[in-house]
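Here is how the chains run, residue by residue.
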Amino acid sequence: MPTISVDKYDLFEALGQKYTTEEFEDLCFEFGIELDEDTENEERPIVDGVQEPPQLKIEIPANRYDMLCFEGIALMLNIFRGKQPTPNFKLVQPASGNLETITVLEDTTQVRPLVACAILRNIKFTQKSYDSFIALQDKLHQNLARNRTLVAIGTHDLDTIKGPFTYEARPPKDISFVPLNQTKVMNGEELMEFYGKDRHLGRYLHIIKDKPVYPVIYDANRVVCSLPPIINGDHSKIKLSSTNVFIECTATDKTKLEIVINMMVTMFSTYAAEPFTVEPVKVISDHNGQTRITPNLSSRTDTVEVEYLNGCLGLSESPESISKLLSKMALSAKPSEADPKNLIEVTIPPTRADILQRCDIMEDLGIAYGFNRLPRMTVTKTVGKPLGLNKLADIVRLECGMAGWLEVMPLILCSHDENFAWLNRKDDGKTAVRLANPKTAEYQIVRTSLLPGLLKTIRENKGHSVPFRIFETSDVVFQDPTLERRARNVRHFAAAWYGKTSGFEEVHGLLDRVMAMLRQAFLAHEEGLPAAKDVGRETEPDPTKRDGYWLDPIDEPTFFPGRAAAVYARIDGKTARIGEFGILHPTVLENFELKYPVSTLEINLQVFL
């Protein structure tokens, strides 16, 4: 969760009350946030000869974008405490009557196709509010905007630029301007080279560096306002004395774009001459149907059943009481005109982007009522139970552990050679799921066998005394064109013995123990069926023959000749090869750099469900 640092006494002044650390911690708990640290009694840094004022470091839920700054925290806590009503955010027309416009050209679809803008008029910044304004942009960039990949924010002194604006995409060499806090004119290529080693901006260059065109915003005089998502122009930089602020956001995700522009204007419209007013901007983007007025500060309306809210929390509140409680969470609510006794109509302001479903409203009701006051409930309607596959795997794991075998948990990704060539197996191209762009040769495919992980575990622990008895119960993955996701997971069990003797009888004994625990009888070979070639291949049910398992010799290159067997099982009359065990071939041992013999066992557990 993001942690926001705020000046302790400035926040208490905004709340109109002083708190002890314990009292404020209790307030945070009641509201569903957490006080992480109070620095008053700690050593604080000295900047320009002045010691930093005491800070409150508050952990904010990751989806509460409206509380990523001092202004948002103060506003929401005041509403929660009943000291302030929920603001009514309004769009106001400019004095001239004509909205500023920004025209989006079609070539922006190659890089960042979306844009939204807004204007804050007659803002009065102090040093602290100015710092908070900049900090909110950084928090939104890091959190919701995913390090500017989804959304990038640019803020400008509107008095230094002139509309109408245009949003274009141009070749890097054709873009020239003085970047923020610099004095030299640079084109796009020079800028990428200049900031390549910058610790702050360098991490964003990759977003557009390899694109044929870069996005750029111009004013009416062709002054570059910004090169999103990298940097603004120095010409229009915000200063402490700026009073009219032009905010532009470019994006690849429309939902995130709307949330970010709304957070920026709602949090800082409180400093406008007329608080909570915002001047909209018309975005002209006919080529993709995105022509509209931004920002959209209209509230959303949802209808929730009284029975649902009370039932989830164990309450018996009336619709009127519920409506009053929800007002503490910045939600406007009232009994629905359609059914005032059973339905509540909830109006969600633009600041509450985290409210998506009725369960979010129920959670807010629980916070407003007080979690510590909620009645204790005995939940009798639950249908929760262990997943059958996991329960089966846990039974096998417990049995192996009691038999003296040690469980290991390797990664599910491995290299292509480890999964095939090193096991003397061939890849038909239709079995393993490949990674489209693997970062290293070690992680190229999703494993189709548990053996590579077991053998690598042995290799990395060769310094320990032998013998090793290790096992794993986990998933392997196969291609499956019949499924929507084009792949399926299969739960396997595998074990490996590593020592100075072959250990063949050890894995054979473990197989017999696991099968006995799974209530599978050992069948004489004449009771079985002729060997099937593929693991999982089934035959028609034969109710005249009893269920159980049997072994059949196999000659596969993974194993030493004459020292391997396939495991077959008949369950409910259906027969399938479920796995194999044996002594590994010397070339396999050489591939995995193992000097002692290894015997392995691997079976499919899902056939027993």
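Our subject is the structure listed above.
Nothing here was measured: the structure is a model prediction, and the numbers come from that model.

(A) Spatial organisation of the sheet that holds strand S23 (residues 413-414). As summarised here, the arrangement of the three strands in space is S23-S25-S24, forming an open sheet in which the pairing is antiparallel. Each edge of the open sheet carries a strand with a single partner, namely S23 and strand S24 (433-434). When S23 meets strand S25 (residues 445-446), the two strands line up antiparallel, connected through two bridges. Each bridged residue has a counterpart across the sheet, and for Cys414 the counterpart in S25 is Ile445.

(B) Structural context of the packing of helix H4 (residues 127-142) against helix H6 (residues 254-268). Look at H4 against H6: their axes get within 11 Å of each other, and the N-to-C directions meet at 165°. Classified by the angle between their axes, H4 and H6 sit roughly antiparallel to one another. Once H4 is placed against H6, the crossing between them reads as right-handed. Between H4, through Ser129, Ser132, Phe133, Leu136, Gln137 and Leu140, and H6, the contact on the second element is made entirely by Val260, Met263, Met264, Met267 and Phe268. The residue makeup of the contact of H4 with H6, split by class, is eight nonpolar, three polar and no charged.

(C) Quick peek at helix H3 (residues 70-80). Across the 11 residues that make up H3, a large majority, 10, are buried. The set of residues buried in H3 consists of Glu71, Gly72, Ile73, Ala74, Leu75, Met76, Leu77, Asn78, Ile79 and Phe80. After H3 finishes, the residue Gly82 shows a positive phi value of roughly 75°.

(D) Summary view of the packing of helix H8 (residues 319-326) against helix H9 (residues 358-369). At a closest axis distance of 9 Å, the pairing of H8 and H9 adopts a crossing angle of 85°. On the basis of the axis angle, H8 is roughly perpendicular to H9. When H8 is examined against H9, the residues Ile322, Leu325 and Leu326 are found in contact with a partner set consisting of Ile361, Asp364, Leu365, Ala368 and Tyr369. Classifying every residue of the contact of H8 with H9 by side-chain character gives seven nonpolar, no polar and one charged.

(E) Highlighting the side chain of Arg577. One can find Arg577 in strand S30 (residues 574-584). Judged by relative accessible area, which is 4%, Arg577 ranks as buried. A polar contact of 2.9 Å, which involves the side chain of Arg577, links it to the side chain of Glu556. Here Glu580 takes part through its side chain, which lies 3.0 Å from a polar atom of the side chain of Arg577.

(F) Spatial organisation of H8. Every buried residue of H8 is accounted for by Pro319, Ile322, Ser323, Leu325 and Leu326. Along the long axis of H8, the arc covered by the buried residues comes to 165°, so they all point the same way. Relative to its buried face, H8 has exposed residues pointing more than 90 degrees away, namely Glu320 and Lys324.

(G) View of the nonpolar core. One finds Leu11, Phe24, Ile58, Ile73, Leu140, Ile247 and Leu309 to be the most contacted residues of the largest nonpolar core, which totals 82 residues. It is H6 that contributes the most residues to this core, nine residues altogether. Beyond its immediate chain neighbours, meaning those up to four positions away, Ile58 contacts Pro2, Thr3, Ile4, Val6, Leu11, Phe24, Ile33, Glu34, Leu35, Asp36 and Ile73. Core analysis: the second largest hydrophobic core is formed by 28 residues, Val408, Phe478, Ala494 and Val588 among them.

(H) Structural view of unusual backbone geometry. In this structure, the amide linkage connecting Pro228 to the following residue, Pro229, adopts the cis form with an omega of 0°. When you line up the elements, Pro229 lands in the loop between strand S14 (224-227) and strand S15 (231-232). The linkage connecting Thr294 with the following residue, Pro295, adopts the cis geometry, with an omega of 0°. By the element assignment, Pro295 lies in the loop between strand S18 (292-294) and strand S19 (300-305).

(I) Region of the structure containing a negative patch on the surface. Negative charge collects at one region of the surface, where Glu22, Glu23, Glu25, Asp26, Glu30, Glu34 and Asp36 lie side by side. Contributions of two or more residues to the negative patch are made by helix H2 (21-31) and strand S2 (34-38). With respect to the helices, strands and loops of the structure, Asp26 is situated in helix H2.

(J) Here's a closer look at the pairing of strand S17 (residues 277-284). Most of S17 is tucked away, with six of its eight residues classed as buried. Pairing between strand S6 (residues 90-91) and S17: two bridges, direction parallel. Bridge assignment links Lys90 to a residue of S17, and that residue is Thr277. Sheet analysis places strand S8 (residues 114-120) next to S17, joined by two bridges and oriented antiparallel. Across the sheet, the residue bridging to Ile119 is Glu279, located in S17. Inspection of the sheet shows S17 paired to S18 by three bridges, in the antiparallel sense. Paired with Val283 across the two strands is Arg292, which belongs to S18.

(K) Region of the structure containing the packing of aromatic side chains. Taken as a whole, this structure holds 19 aromatic pairs when the rule is applied. Considering the side-chain rings of Phe89 and Phe276, the 5.4 Å spacing of their centres and the 90° angle between planes classify their relative orientation as edge-to-face. With Phe89 in the loop between H3 and S6 and Phe276 in the loop between H6 and S17, the pair connects residues that are 187 residues apart, well separated along the chain. An identical accessibility class is assigned to Phe89 and Phe276; each is buried. Ring geometry for Trp422 versus Phe592: centroids 5.2 Å apart, planes at 90°, classification edge-to-face. Taken as a pair, Trp422 in the loop between helix H11 (416-419) and S24 and Phe592 in the loop between helix H14 (586-591) and strand S31 (598-604) lie far apart in primary sequence, 170 residues in all. The class of Trp422 is partly exposed, set by a relative accessible area of 25%. Through pairs of rings, three or more aromatic residues link up here, namely Phe125, Tyr130, Phe133, Phe268 and Tyr271. The ring of Tyr218 is capped by Arg222, whose NZ or CZ atom sits 3.8 Å from the centre of that ring. The positively charged end of Arg358 is found above the aromatic ring belonging to Tyr308, 3.8 Å away from the centroid.

Thresholds, definitions, all that
- Residues numbered from 1 in each chain as written.
- Predicted model: local features only at pLDDT ≥ 70, side-chain atom pairs only at ≥ 80, totals over all residues.
- Heavy atoms only, no water.
- Pairing = 2+ DSSP bridges.
- Helix = DSSP H or I, 4+ residues; strand = E, 2+ residues; numbered from the N terminus.
- Axes fitted to C-alpha atoms, helices over the stretch in contact; angles between N-to-C directions.
- Parallel < 35°, antiparallel > 145°, perpendicular 65-115°, else oblique.
- Left-handed = near helix turned anticlockwise from the far one by under 90°.
- Contact = heavy atoms within 4.5 Å.
- Nonpolar A, V, L, I, M, F, W, Y, C, P; charged D, E, K, R; others polar.
- Buried < 20%, exposed > 50% of the residue type's maximum accessible area, 1.4 Å probe, protein only.
- Polar contact = N/O pair within 3.5 Å; in protein donor to acceptor, adjacent residues only side chain to side chain.
- Arc of directions from axis to C-beta.
- Core = buried A, V, L, I, M, F, W, Y, C linked by side-chain atoms within 4.5 Å.
- Patch = residues over 30% accessible without salt bridge, like charges linked within 9 Å, V, L, I, M, F, W, Y side chains within 5 Å.
- Areas by Shrake-Rupley, 256 points an atom, 1.4 Å probe, with all protein chains shown as cover.
- Salt bridge = Lys/Arg side-chain N within 4 Å of Asp/Glu carboxyl O.
- Lys, Arg positive; Asp, Glu negative; His and termini not counted.
- Charge placed at Lys NZ, Arg CZ, Asp CG, Glu CD.
- Phe/Tyr/Trp six-rings, centres within 6.5 Å; stacked < 30°, edge-to-face > 60°.
- Lys NZ or Arg CZ within 6 Å of the ring centre and 35° of its normal.

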